[in-house]
Amino acid sequence: MYNASLWQPSADLPVLRKRAQLLKTVRAFFDAHDVMEVDTPCLSLGSISDPHIEVLTSHTRSQGEDLTYYLQTSPEYAMKRLLCAGSGSIYQLGKVFRAEDVGRRHSIEFTMLEWYRVGFDHWQLMDEIQALLAYILDDDTLMCERLSYQDAFLRHTGLDPLSASLCALQECAHKHTEYGLQETDRDTLLELIFASVVEAAIGTEQPCFIHSYPASQAALAKTHMDDNDQWVAARFELYWQGMELANGYHELTDAEEQTHRFEKDKASRNEMKLADRQFDERLLSALKSGMPECAGVALGIDRLLMLMCEKKHIAEVMPFAHSRS
């Protein structure tokens with residue numbers, strides 16, 4: 001409900017000054033590393049296919065045609081088109097949007113830092129993220145732990161996520177959440193268990209990279225065979241003090257495989273009775289023209305600032321949070 005009396009900022013002024021300094025420091029880091037800042041559209045005629053992320057839409061009529069624009073959940077697709085056009089390494093600081101419940105760590109609109117490093121794989125990108133955090137926090141001693149998805153699962157649940165039976169995953173999910181006994185999708189069960197059991201136990205003392213996700217969770221990352229002859233995704237997520245901060249990939253460059261994954265997501269959306277979305281055909285065309293080998297990552301600026309300022313709610317680090325926007 002709109003309340004005209006809620007006109008003041010949701011974050012206090014010292015936090016807003018720290019926010020401004022954080023943005024300035026991020027830009028200084030990438031300037032020193034010769035990574036170009038870019039500014040891509042918030043609205044697009046194409047959208048993500050992920051069935052687990054809902055988007056905000058805007059409908060308009062232009063030249064007699066009804067059009068649906070999607071507010072972007074990430075600048076990823078537009079930035080990849082720039083990479084295909086020869087931009088070299090790039091980064092973007094800007095607003096992104098997701099149609100999800102507002103909560104302690106979630107907002108409909110938030111600030112994301114996303115960057116792509118040409119010639120890097122995901123291991124090198126993890127090194128750079130550690131360097132960025134050390135630079136932001138002015139702490140040369142900062143080190144990030146690295147733990148495979150499989151090892152994290154085994155350590156905190158006793159189950160091997162790559163080989164556990166569906167029944168074992170259902171029972172584990174039900175034990176910790178009271179849900180899952182009727183769920184038949186392995187990845188849904190794995191995500192439920194990871195969110196309810198593993199997340200709270202990692203990155204408590206130092207930032208922790210979880211890497212080598214199941215190949216079925218590759219999203220827009222390459223896949224490869226690990227040392228145990230298991231197919232895994234060349235992606236990682238960064239957790240600190242029980243909170244996800246970043247999600248990165250050794251980026252998929254194969255247009256045919258990307259089309260296949262879009263189609264698979266579309267089938268999942270239909271099965272879940274979710275609304276159809278327009279694939280980003282321009283991204284597929286760009287990939288067909290050739291994208292350089294690179295790694296990319298998205299990092300939540302608001303969440304990082306929450307940790308820096310020791311705040312418990314995302315509204316406390318935003319100029320005007322959801323209820324005051």
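Structure shown above.
Residues numbered from 1 in each chain as written. Predicted model: local features only at pLDDT ≥ 70, side-chain atom pairs only at ≥ 80, totals over all residues. Heavy atoms only, no water.

Some thoughts on the pattern of salt bridges
For step 1, the next point in the chain: Within this structure, the stated rule accounts for 13 salt bridges.
For step 2, the next point in the chain: Residues Glu251 and Lys80 are paired through a salt bridge, measuring 2.7 Å at the closest nitrogen-oxygen approach. Placement of Glu251 in the loop between strand S11 (243–250) and helix H7 (255–271) and of Lys80 in helix H2 (residues 76–84) is noted, with a sequence separation of 171 residues between them. Accessibility classification places Glu251 together with Lys80 in one group, the buried group. (Salt bridge = Lys/Arg side-chain N within 4 Å of Asp/Glu carboxyl O. Helix = DSSP H or I, 4+ residues; strand = E, 2+ residues; numbered from the N terminus. Buried < 20%, exposed > 50% of the residue type's maximum accessible area, 1.4 Å probe, protein only.)

As for the sheet that holds strand S4 (residues 65–71)
For step 1, the next point in the chain: Ordered in space as S2-S4-S3, the three strands form an open sheet in which the pairing is antiparallel. Either end of the sheet is taken by a strand with one partner, and the two such strands are strand S2 (43–44) and strand S3 (57–62).
For step 2, the next point in the chain: Across two bridges, the pairing between S2 and S4 is antiparallel. Across the sheet, the residue bridging to Ser44 is Tyr70, located in S4. (Pairing = 2+ DSSP bridges.)

Here's the deal with helix H8 (residues 281–289)
For step 1, the next point in the chain: Within H8, the full set of buried residues consists of Leu283, Leu284, Ala286 and Leu287. For H8, the angular spread of buried residues about the axis comes to 160 degrees, placing them on one side. Residues of H8 that are exposed and point over 90 degrees away from its buried face: Lys288 and Ser289.
For step 2, the next point in the chain: Buried residues in H8 make contact with H2 and H7.
For step 3, the next point in the chain: At the N-terminal boundary of H8, the capping side chain belongs to Asp280, with an oxygen 3.2 Å from the backbone nitrogen of Arg282. (Arc of directions from axis to C-beta. Contact = heavy atoms within 4.5 Å. Polar contact = N/O pair within 3.5 Å; in protein donor to acceptor, adjacent residues only side chain to side chain.)

Function cannot be read off these values alone, since they describe shape.
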